[in-house]
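Structural overview for review
Read off the chains here:
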Amino acid sequence: MLISAAPFFVFLVAVCLLYWAGAGSRHFQLAVLVAANLFFLARFSLIYLALPLFATVDFLVGLGLGGAQRPAMRRLLLAISLAINLGLLAGLKLVPLLTAGRFAWLFTLSLSFYCFQSLTYTIDLYFGEMQPTRSYLTYLGAALFFPSMTAGPIPRTRKLLEQFARPFAFSAEDGGTALLLIGIGLVKKLLIADYLANNLVGRVFDTPALYSSVEILVGVYGYALQLFFDFSGYTDIAMGAALLLGIQLPENFRRPYLAVNVAEFWRRWHITFSEWLRDYLFDVLPKRRKFPLLSYGYAFLITFTLGGLWHGISWTFLIWGVLHGLALGVVFAWKRVRKIPSPEWWARLLGGLITFNFVCFTWVFFRASSVENALSILRGLGALTWSADNLTPVVLGVLVLAAVIHCFPPRWFEVSAGWAARAPFWVQGLAMAAVVLLIQTLAGRGSAPFVYGNF
Amino acid sequence: MAIFDFSEHGPATHGPDTPAPKPSGAGFPFKTALAIVVLAAALVGWRWKLDHGKGIDPNIFAETFTLRWPQPPAPIVPKTATTRKSEKLPQISPVFTDDSNSLDPFFAALWKLEQNRGQQGKEGGVVAILHYGDSPTTADLITGDVRAQMQNRFGDAGRGYTLIAKPWAWYGHRGVEISDHGWKMRTGVGLMREGIYGLGGAAFEGQSGAWSKFKLTESQQTAVEVEYLAKPGGGTFEVDADDQRIVEQTTDAGIQTTASVHVPLPAGTKVVGIRPTAGTVTLFGADFRRGTSGTLYDSLGLNGATTTVLARVLQPVLWKQELERAAPALIVVNYGSNESSFGSFVHKQYAAELRLAIQRLRQNAPGVPILVMSPMDRGERSGLDEIETMSTIPEIVAIQRQVAAETHCAFFDTYDAMGGDGTMARWYGASPRLVTADLLHPTPQGASIVAGLFLEQLGLGYNRWKMQHGISLPAENPATPEKADTSKAPSQQKNVKQHAQKKARTE
């Protein structure tokens with residue numbers, strides 16, 4: 001069930017009405033939420049109804065970690081959780097690969113985000129950063145939380161449990177903000193990301209030999225914007241859907257293409273993923289203070305190589321991860337050498353341009369269907385052919401619009417959310433209807449799958 | 001020390017990392033619920049009263065609450081589409097029909113090529129095929145594969161016809177890299193009136209300073225024939241080979257007509273250049289030949305083209321001259337993808353438009369067999385997360401099949417050969433992807449499959465023709481529709497061969 005498609009919203013409204021009806025009883029609400037989570041999983045395929053079994057193991061491991069004092073026992077319990085979740089993650093990535101895609105149809109939902117989120121629970125418990133929940137219902141509500149199941153953001157289970165532990169609270173401001181987030185997410189996904197994918201990016205990447213260097217370059221920039229609007233559109237809808245249930249999901253994007261170096265890019269792009277990598281992988285890797293460049297360099301490389309492979313077991317994702325790992329190493333080394341706290345404006349501008357183009361260069365590998373496809377794109381860029389016949393005014397207009405929207409200050413969202421919250425209910429409803437009809441008119445019917453839904 | 005915590009400060013965040021407890025609003029959120037009710041009512045009202053295609057589709061409710069077990073995907077090309085061989089003559093296969101045996105002259109010409117191939121001193125001549133089509137043809141994807149395989153089997157007579165310049169970046173012709181500058185381009189797309197265009201439906205007007213270069217990347221070509229518009233007050237252009245001028249040609253003439261100049265190319269020519277040298281010239285295309293017998297497969301695609309280009313746009317007198325020069329043994333008419341966007345046109349006018357196109361082709365290329373090739377599947381995303389076939393595509397295919405039968409043309413049903421309904425969903429989901437994200441154009445891999453399907457069916461037709469003429473089929477031919485009768489005596493085969501040759505000459 002795509003969360004940008006109509007059936008999801010029918011489902012969401014049904015869940016919300018039931019959930020709100022039980023506003024006086026947290027248990028009832030949790031029961032509704034768990035049923036909704038299970039239905040959401042089953043909607044992808046009934047085989048996903050086996051997932052609560054894995055979640056149950058983590059719940060029991062959590063109870064065990066709450067009571068166990070012996071380090072050996074705690075390590076064993078953590079190992080069980082790691083084996084379960086990493087095994088599930090690796091299995092889902094490897095089975096289609098090892099069977100040449102013959103069984104890919106069985107796994108229509110990627111469980112990467114589930115696995116990452118579940119691991120935050122048992123690892124945090126292992127390090128004593130939280131107490132386990134004793135409510136099975138609450139755990140299933142949080143671990144299988146449907147708005148973030150498909151493509152994140154990756155919340156810490158601890159933070160979801162904290163919210164579920166409180167009494168239900170939902171203000172008119174929350175309602176306005178949630179509807180605004182969903183509206184923005186739909187526009188981002190259906191009007192911008194899908195348009196760019198269908199009318200520029202897909203064509204350039206599928207048949208690069210048919211395009212000039214200029215068109216390929218614009219296609220690569222277009223992909224950078226398509227990916228941002230696709231993923232941040234998903235995140236906005238997920239955050240809006242969660243907010244309707246009184247749950248705040250963490251922020252995932254902060255105008256990433258304005259970053260002045262790759263390190264800052266990762267503080268702005270897919271924030272919950274990079275924070276997960278930082279807290280649960282990078283920080284855990286051993287480092288020697290004597291050789292900071294070497295030890296941090298290798299830690300960056302390991303972290304982002306694995307981060308790359310998380311997206312899929314392929315050479316293209318491996319190259320993408322290695323490139324980012326190396327770039328972070330370079331930034332780290334540069335910072336140690338230069339030690340300039342706040343560079344001049346021109347240095348920031350130059351850094352921003354270099355960073356954006358580097359990120360776009362790595363997106364070529366991220367998007368390409370194979371290394372050969374990526375090399376075709378790069379060869380096309382290097383051919384220095386200048387025709388721009390395929391860049392229609394509409395495509396260029398959408399690209400410029402997308403670039404401008406990407407740069408909107410966060411404050412504008414807060415102001416808009418305030419307006420949305422204060423607006424009468426009928427204005428809110430009619431505004432949302434106008435958004436839906438506008439999308440149906442401009443973009444036709446339907447929605448392409450989310451890019452990150454594949455990971 | 002952490003991965004992203006260098007000395008600088010990150011941008012300010014909006015939204016708390018740890019959500020704070022909220023003080024109010026613990027009951028049923030009536031305002032938000034009412035907003036949703038208004039939203040739903042507006043969407044229902046819009047669909048009910050204003051636009052039946054927008055708003056809330058009632059099917060969504062059933063779809064939302066339907067659960068399914070996972071289903072394995074259908075094969076890329078269902079076996080039923082490719083393995084349905086002819087049970088009895090005259091039908092070739094369900095996806096390839098030629099009930100009036102209209103392709104016989106073409107098959108006879110191919111047979112002549114096949115017979116004489118490799119025999120010293122014997123020439124089978126040149127069998128030219130013109131393939132008129134829309135954007136997939138423009139990029140020479142399907143046609144390029146068909147050309148390669150036909151030339152591999154029957155001989156390579158040359159790269160064939162290319163436009164003088166690239167009207168679109170994705171215009172291409174396999175084996176010829178085209179670069180150009182300074183041409184004013186016109187095509188017959190989107191017009192409803194006759195105009196002056198070349199064989200390929202495009203014209204390029206240029207003055208001194210304009211140029212085109214054709215880099216020959218595959219086989220050696222021995223000559224190029226440049227097609228141009230001769231007219232009173234015409235200018236001149238030159239043709240060079242590897243920067244050595246070969247010919248300077250005037251386009252000045254007493255009356256307006258299409259003309260061509262045959263330019264022999266020195267052995268080993270890598271780049272052919274064409275440039276206006278004086279006045280204004282209007283050029284149409286460059287036809288590369290090898291001077292050997294074999295097949296030519298001219299890819300005549302125009303981006304956005306519809307059947308109307310043949311039915312109404314190409315000026316008949318000039319088109320007839322161009323067709324006579326090209327001397328095709330077969331003309332493929334391959335439109336329909338662009339028409340599929342206009343349902344009303346398809347319902348009301350498409351059949352008449354196709355009949356008119358075929359009638360005009362018959363008038364301008366009398367006796368040349370015509371093969372109507374249906375469009376590929378074309379997908380669109382439905383409101384239910386799925387890619388489905390555009391409803392007009394099967395309708396167009398049915399009309400084409402009917403009109404082809406009425407007008408005694410052969411017909412290849414690309415859509416059903418690919419697997420019919422839902423093909424785009426399967427092909428888009430394949431790895432590697434077989435169609436692009438617009439669910440209309442094939443990727444090179446997809447084009448190769450379509451070319452293979454077309455050739456397979458054409459091979460079935462060829463084999464049927466051979467059987468009808470008592471020619472035994474080669475045992476290794478994979479496209480043998482039925483058991484080949486190999487018992488015929490050599491003398492009988494010789495008679496059949498002579499009959500075929502005679503028939504080809506007659507046609």
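1. Let's talk about the overall build of chain A
Scanning chain A from N- to C-terminus turns up 18 helices and zero strands. The C-alpha radius of gyration computed for chain A amounts to 23 Å, which stays within 12% of the reference 23 Å derived for 455 residues, consistent with globular compactness. Each of the 455 residues in chain A was classed as buried or not, and the buried ones make up 59%. For chain A, the share of sequence-separated contacts (at least 6 apart) that also reach a separation of at least 24 residues comes to 77%. Surface exposure of chain A reaches about 17,900 Å², of which carbon and sulfur atoms provide 70%. Taken as two groups, the 34 positive and 20 negative side-chain charges of chain A have centres that lie 8 Å from each other.

2. Structural notes on the nonpolar core
Counting 283 residues, the largest nonpolar core has F8, W269, W363 and Y452 of chain A together with Y132 and L371 of chain B as its most contacted members. With 18 residues, helix α9 (residues 213-244) of chain A is the single largest residue contributor to this core. Counting residues domain by domain, this core receives three or more from each of domain 1 (6-158) and domain 2 (174-405) of chain A. Beyond its immediate sequence surroundings of up to four residues, W363 of chain A is in contact with Y223, A224, L227, Y257, F265, W269 and W320 of chain A.

3. Digging into the packing of helix α13 (residues 315-338) of chain A against helix α14 (residues 345-367) of chain A
Residues and elements named next belong to chain A. Running from amino to carboxyl end, α13 crosses α14 at an angle of 160°, the nearest separation of the two axes being 7 Å. Viewed along their axes, α13 and α14 adopt a mutual orientation that is roughly antiparallel. At the point where α13 passes α14, the crossing takes the left-handed sense. In contact with T316, F317, I319, W320, L323, H324 and A327 of α13, α14 contributes F358, V359, F361, T362, W363, F365 and F366. When grouped by side-chain class, the residues that make up the contact of α13 with α14 number 11 nonpolar, three polar and no charged.

4. Thoughts on the side chain of Q249 of chain B
All names here are of chain B. With respect to the helices, strands and loops of the structure, Q249 is situated in strand β10 (residues 244-250). Under the relative-accessibility criterion, Q249 is labelled buried at 19%. A polar contact is formed between the side chain of Q249 and the side chain of Y228, at a distance of 2.9 Å. If near-sequence neighbours (up to four positions away) are discounted, Q249 is found in contact with Y228, G235, T236, F237 and V261.

5. A few points about the interface of chain A and chain B
With 94 residues of chain A at the contact, the number on the chain B side is 73 residues. In this assembly, chain A packs against chain B so that about 7,200 Å² is buried in total across both faces, 66% of it on carbon and sulfur atoms. If you look at where chain A meets chain B, you find two salt bridges. Close ionic contact of R43 of chain A with E63 of chain B constitutes a salt bridge, the shortest N to O distance being 3.2 Å. One can count five residue pairs in polar contact (both at pLDDT 80 or more) joining chain A with chain B. With 11 residues, the top contributor of residues to the side of chain A that touches chain B is helix α18 (residues 425-443) of chain A.

6. Observations regarding the sheet that holds strand β9 (residues 236-241) of chain B
Residue and element names in this part refer to chain B. What the five strands build is an open sheet, ordered β4-β7-β12-β9-β10; its pairing is antiparallel. At either end of the open sheet lies a strand with only one pairing partner, and these are β4 (176-181) and β10. Ignoring strand direction, the axes of neighbouring strands in this sheet form an average angle of 20°. Pairing of strand β7 (residues 211-216) with strand β12 (residues 271-278) involves four bridges; the strand directions are antiparallel. When the sheet's bridge partners are listed, S212 is paired in β12 with I274.

7. Some thoughts on the sheet that holds strand β15 (residues 328-334) of chain B
All names here are of chain B. The six strands lie next to each other as β1-β19-β16-β15-β2-β14, forming an open sheet whose pairing is mixed. The open sheet terminates on both sides in strands that have one partner only, identified here as β1 (96-97) and β14 (294-301). Here strand β2 (residues 126-133) pairs with β14 via eight bridges, running parallel. Across the sheet, residue G133 finds its bridge partner in β14, namely G301. In the packing of helix α4 (residues 104-116) onto the sheet, the strands contacted are β2, β14 and β15, and the crossing angle to β2 comes to about 135°. Each of β2 and β14 touches helix α6 (residues 142-154); the most contacted strand, β14, lies at about 170° to it.

8. Notes on the pattern of salt bridges
A side chain with one charge may pair with a side chain of the opposite charge, provided their charged atoms come close. Applying the stated criterion to the full structure yields 31 salt bridges over all chains. Close ionic contact of K188 of chain A with D236 of chain A constitutes a salt bridge, the shortest N to O distance being 2.8 Å. Of this pair, K188 of chain A sits in helix α8 (residues 172-206) while D236 of chain A sits in helix α9, placing them 48 residues apart in sequence. This pair shows no difference in class: K188 of chain A is buried, exactly as D236 of chain A is. Taken together, the shared-partner salt bridges in this structure form one network comprising E238, D240, R245, E248 and R275 of chain B.

9. Some points on empty space enclosed by the protein
Under the criterion given, the structure shown has one cavity of 30 Å³ or more. Taken as a whole, the largest cavity holds about 60 Å³ of empty space. When its residues are assigned to classes, the lining of the largest cavity shows six nonpolar, four polar and one charged.

10. Points about the packing of aromatic side chains
For the coordinates displayed, the defined rule picks out 66 aromatic pairs over all chains. Ring geometry for W320 of chain A versus F366 of chain A: centroids 5.0 Å apart, planes at 55°, classification tilted. Of this pair, W320 of chain A sits in helix α13 while F366 of chain A sits in helix α14, and the two are 46 residues apart along the sequence. Residue classification places W320 of chain A among the buried residues on the basis of a relative accessible area of 1%. The positively charged end of K93 of chain A is found above the aromatic ring belonging to W310 of chain A, 5.8 Å away from the centroid. Sitting over the ring of W211 of chain B, K213 of chain B keeps its end group 6.0 Å from the ring centre.

11. Focus: the domain arrangement of chain A
All names here are of chain A. Along its sequence, chain A is carved into domain 1 (6-158) and domain 2 (174-405). The C-alpha-based centres of domain 1 and domain 2 are spaced at 27 Å. Opposite the 31 residues of domain 1 that make contact, domain 2 presents 26 residues. Together, the buried faces of domain 1 and domain 2 total about 2,400 Å²; carbon and sulfur atoms form 75% of this surface. By the criterion of area lost to domain 2, the three top residues of domain 1 are F116, P153 and R156, representing 24% of everything that side buries.

About the criteria used
- Residues numbered from 1 in each chain as written.
- Chains lettered and ligands numbered in written order.
- Predicted model: local features only at pLDDT ≥ 70, side-chain atom pairs only at ≥ 80, totals over all residues.
- Heavy atoms only, no water.
- Helix = DSSP H or I, 4+ residues; strand = E, 2+ residues; numbered from the N terminus.
- Rg over C-alpha atoms; globule rule 2.2 N^0.38 Å.
- Buried < 20%, exposed > 50% of the residue type's maximum accessible area, 1.4 Å probe, protein only.
- Contact = heavy atoms within 4.5 Å.
- Areas by Shrake-Rupley, 256 points an atom, 1.4 Å probe, with all protein chains shown as cover.
- Lys, Arg positive; Asp, Glu negative; His and termini not counted.
- Charge placed at Lys NZ, Arg CZ, Asp CG, Glu CD.
- Core = buried A, V, L, I, M, F, W, Y, C linked by side-chain atoms within 4.5 Å.
- Domains from an automatic or database assignment.
- Axes fitted to C-alpha atoms, helices over the stretch in contact; angles between N-to-C directions.
- Parallel < 35°, antiparallel > 145°, perpendicular 65-115°, else oblique.
- Left-handed = near helix turned anticlockwise from the far one by under 90°.
- Nonpolar A, V, L, I, M, F, W, Y, C, P; charged D, E, K, R; others polar.
- Polar contact = N/O pair within 3.5 Å; in protein donor to acceptor, adjacent residues only side chain to side chain.
- Buried area = accessible area lost by both parts, 1.4 Å probe.
- Salt bridge = Lys/Arg side-chain N within 4 Å of Asp/Glu carboxyl O.
- Pairing = 2+ DSSP bridges.
- 1 Å grid on protein atoms, 1.4 Å probe; cavity = no way out; pocket = protein on both sides within 12 Å on 5 of 7 lines; lining within 4 Å.
- Points joined across faces, edges and corners; volume = space filled by probe spheres on them.
- Phe/Tyr/Trp six-rings, centres within 6.5 Å; stacked < 30°, edge-to-face > 60°.
- Lys NZ or Arg CZ within 6 Å of the ring centre and 35° of its normal.

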